[in-house]
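Observations on the model geometry
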Amino acid sequence: MSKPRIESPETSNSSGNLKERVAALLTQATKRYLDSRGAPPDTAFEIHLDLPRNTDHGDWAANVALRLAKPLKTKPIEIAQGICNQVEANDLIETPEAAAPGFINIRLAASAGGETIESILTGAEAWGRSDTFTGQRALIEFVSANPTGPLHIGHGRNAIVGDCIARIYAAAGYEVEREYYFNDAGVQMRNLGLSLRARYLEACGREVEFPEGGYPGDYIITIAEKLKGEIGEVKVSEADEALEADLQYFNDYAAGINTGEIRAGLDALGIAFDHYFSESSLHDSGKVERVLDRLANAGATYEEDGALWLRTTDHGDEKDRVLRKSDGNTTYLTPDIAYHEDKFARGYDRLVNVLGADHHSYVVRLKAAVRALEHDAEKLHFVLIQMVRVSEGGEEQRLGKRKGGYTTLGELIEELGADIVRFFYLTRSPGSQMVFDLDLARARTMDNPYWYIQYAHARCCSLLAKAEATRSAWRETTAVDATLLGAPEEKAVIFALGRLPGVVVDCAQADDPLGLVSYLRELATTFHSYFSAGNRDATLRIIREGEGELTQARLTLIIALRQTIANGLRILGLTPIDRLESRSAETDTTDGND
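Structure report, in brief. Predicted model, so just to flag it, every value in this text is computed and none were measured.

Glancing now at the overall build of the protein chain. The helix and strand tally for the protein chain stands at 20 helices and 15 strands. Once the C-alpha set of the protein chain is aligned to its principal axes, its extents read approximately 90 × 65 × 40 Å. Residues counted as buried form 51% of the 594 residues belonging to the protein chain. In the protein chain, the share of contacts with a sequence separation of at least 24, taken over all contacts with a separation of at least 6, comes to 73%. Counting every atom, the protein chain has about 26,900 Å² of accessible surface; 47% of that belongs to carbon and sulfur. The distance from the centre of the 65 positive side-chain charges to the centre of the 90 negative ones in the protein chain is 4 Å.

Structure, rendered in structure tokens:
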């Protein structure tokens, strides 16, 4: 059965969201063309606008005619021309052109630039945000590291990607909540208690065998010494009964210390959670047993070899999975199913889990359980984070092995600063492995993409300060005569500015912040090219003595640019920098605009 014709979404700030406005024009033109052809009402089509490789072909290109060629049994170039003929006269785009083999090339009209700038200045800090997903609730669960130790560098990528997805969701209109799920039950937590108990006894002068599967890190020794300093030698019994009685004490003490350090690391990155959800609460409340009963009543489980199994093969898994082992203990999957049962009960429209890439098979199992419980598995989305490697001096460093190495996220933040750490974790898609280049992150040059973007914002501020000093101060206004901004470099900046709202929505749909990072880098490049053009052509200098209206138009463009860069940075949780205190020779340019 054919899909219905797809309408382009409307968003707030729509007057400045050029991509969506152009898509809406082409949507209506395509509908009129299909009606003129007598096509069935349910003929499916979608409007995709892509940036052409050759800018001489226009600002956008649409391939809708190529996709309609088969159902209409017509040459795509004929369909493209037919759609072009149906585009109504407007002030947004020039007459569209059909190009072989069936593309529709779009050029923005000069007046569109003025509307974009006005939308940015009117929207101010709200520019780039939309109401595309207004009325929908999203829960983003991320980090969720066990409280068995401090956050390491791999956790940092999960934390920052998850936080930025939440920020982007909010910018796209979602009502967003962030959640941290503490796995504070099970074998790992028992091993944590055993590890602390062993180190505590060592601190008290006892010789003990370190537990198999324990945590040998120096941080356990530090916690043990802290504990001994607080309570002395009051828990030195080695009797088995005392071990079990004291184990929860050691477990809780270590988990409390580690949880505090985890929260401190997240605070340093500007990451806050709405909820901290405890795995142990699922067991204590009986939710684990209740979800097992629900699965049994749905016929989704069976018993074999003394164990309880979930029929995940009914939902595409390669084999069925154990929920309760023959010794009566549940597997890690069981409380996770109960946890997601709780999530669905809270009524979210979208559930996002940010997990390590090693959870790929876990995704299949959990979705199988969700379907067995008759929940909408399409609401459940997973972002799988690949590993992080660290390089220094051109060589990869083995984390946690070298003296002074970055074994924890906190150490990385302490040297580089939270914003640089945040930014560098976002320079690759979550599903791609990344190398954290310490040398590049330390460099305050244009090669460092963080400073490259910040320098564009600081340059805008510097230009406005220069205008003030030369008595060409910007006259605050939201209107601009876009016909004065007709140079190719200026049109490129305006076109780039108008893309922000669409980029935000695209990133939300993709669960990937990289698109916004790439956009800011491209916007900075476009501006740096415009700025530097003043070296080659004095008529392109932004402040033109004796040409007040042209200078005002260009300063208005700079104000819009500064606002757009700042808004994009803030959505990513970064602080725009107005002035760079020191610049290397590489970033220091002196021209008519400086």
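As a volume, the second largest pocket reaches approximately 620 Å³. Lining of the second largest pocket is provided by 27 residues; of these, D59, P488, K491, A492 and F495 occupy positions nearest its centre. Counting only elements with at least two residues in the lining of the second largest pocket, the list comes to α4 (110-123), α17 (488-497) and α19 (514-536). With six residues, the top contributor of residues to the lining of the second largest pocket is α17. Of the residues that constitute the lining of the second largest pocket, the class distribution is 16 nonpolar, five polar and six charged.

Core analysis: the biggest nonpolar cluster contains 99 residues, and I140, Y425 and F436 have the highest contact counts within it. In terms of residue count, helix α16 (residues 449-469) provides more of this core than any other element does, 11 residues in total. Discounting residues that sit within four places of it in the chain, I140 has contacts with G162, I165, A166, Y169, V176, E177, R178, E179, V352 and V354.

With that out of the way, let us pick up the packing of α17 against α19. One way to put it is that α17 packs onto α19 with a least axis distance of 9 Å and a crossing angle of 160 degrees. The orientation of α17 with respect to α19, classified from their angle, is roughly antiparallel. In the packing of α17 onto α19, the handedness of the crossing is left-handed. Residue-level inspection shows E489, E490, A492, V493, A496 and L497 of α17 in contact with α19, the latter providing Y519, L523, T526, F527, Y530, A533 and R536.

The next subject is the sheet that holds strand β14 (residues 395-397). Judged by pairing direction, the sheet is mixed, and its three strands sit side by side in the order β14-β13-β15 without closing on themselves. A strand with exactly one partner marks an edge of an open sheet, and here the two such strands are β14 and β15 (434-437). The sheet shows a mean angle of 45 degrees between the axes of neighbouring strands, taken without regard to direction. One ladder, built from three bridges, connects strand β13 (residues 388-392) with β14; its direction is antiparallel. Looking at β14, one finds that S391 is bridged to E396.

Moving on, we come to the sheet that holds strand β1 (residues 49-50). Strand order in the open sheet formed by four strands is β1-β2-β4-β3, and the pairing between neighbours is antiparallel. Looking along the sheet, the strands with just one partner apiece sit at the ends: β1 and β3 (97-99). Here strand β2 (residues 60-62) pairs with strand β4 (residues 103-106) via three bridges, running antiparallel. The residue bridging A61 from the neighbouring strand is N105, located in β4. Each of β3 and β4 is contacted by helix α3 (residues 76-86), which is oriented at about 175 degrees to β3, the strand it contacts most.

What follows is about unusual backbone geometry. For the bond running from A100 to P101, omega is 0 degrees, close enough to zero to count as cis. In this fold, P101 is placed in the loop between β3 and β4. Of note, the phi angle at A124 is positive, near 55 degrees, even though the residue is not glycine. Following the sequence through the fold, A124 ends up in the loop between α4 and β5 (137-141). In this model, E374 sits at a positive phi of 65 degrees, which is unusual for a non-glycine residue. Within the element layout of this structure, E374 appears in the loop between α12 (360-372) and β12 (380-385). By relative accessible area, which is 72% here, E374 ends up exposed.

The rules behind these values
Residues numbered from 1 in each chain as written. Predicted model: local features only at pLDDT ≥ 70, side-chain atom pairs only at ≥ 80, totals over all residues. Heavy atoms only, no water. Helix = DSSP H or I, 4+ residues; strand = E, 2+ residues; numbered from the N terminus. Buried < 20%, exposed > 50% of the residue type's maximum accessible area, 1.4 Å probe, protein only. Contact = heavy atoms within 4.5 Å. Areas by Shrake-Rupley, 256 points an atom, 1.4 Å probe, with all protein chains shown as cover. Lys, Arg positive; Asp, Glu negative; His and termini not counted. Charge placed at Lys NZ, Arg CZ, Asp CG, Glu CD. 1 Å grid on protein atoms, 1.4 Å probe; cavity = no way out; pocket = protein on both sides within 12 Å on 5 of 7 lines; lining within 4 Å. Points joined across faces, edges and corners; volume = space filled by probe spheres on them. Nonpolar A, V, L, I, M, F, W, Y, C, P; charged D, E, K, R; others polar. Core = buried A, V, L, I, M, F, W, Y, C linked by side-chain atoms within 4.5 Å. Axes fitted to C-alpha atoms, helices over the stretch in contact; angles between N-to-C directions. Parallel < 35°, antiparallel > 145°, perpendicular 65-115°, else oblique. Left-handed = near helix turned anticlockwise from the far one by under 90°. Pairing = 2+ DSSP bridges.

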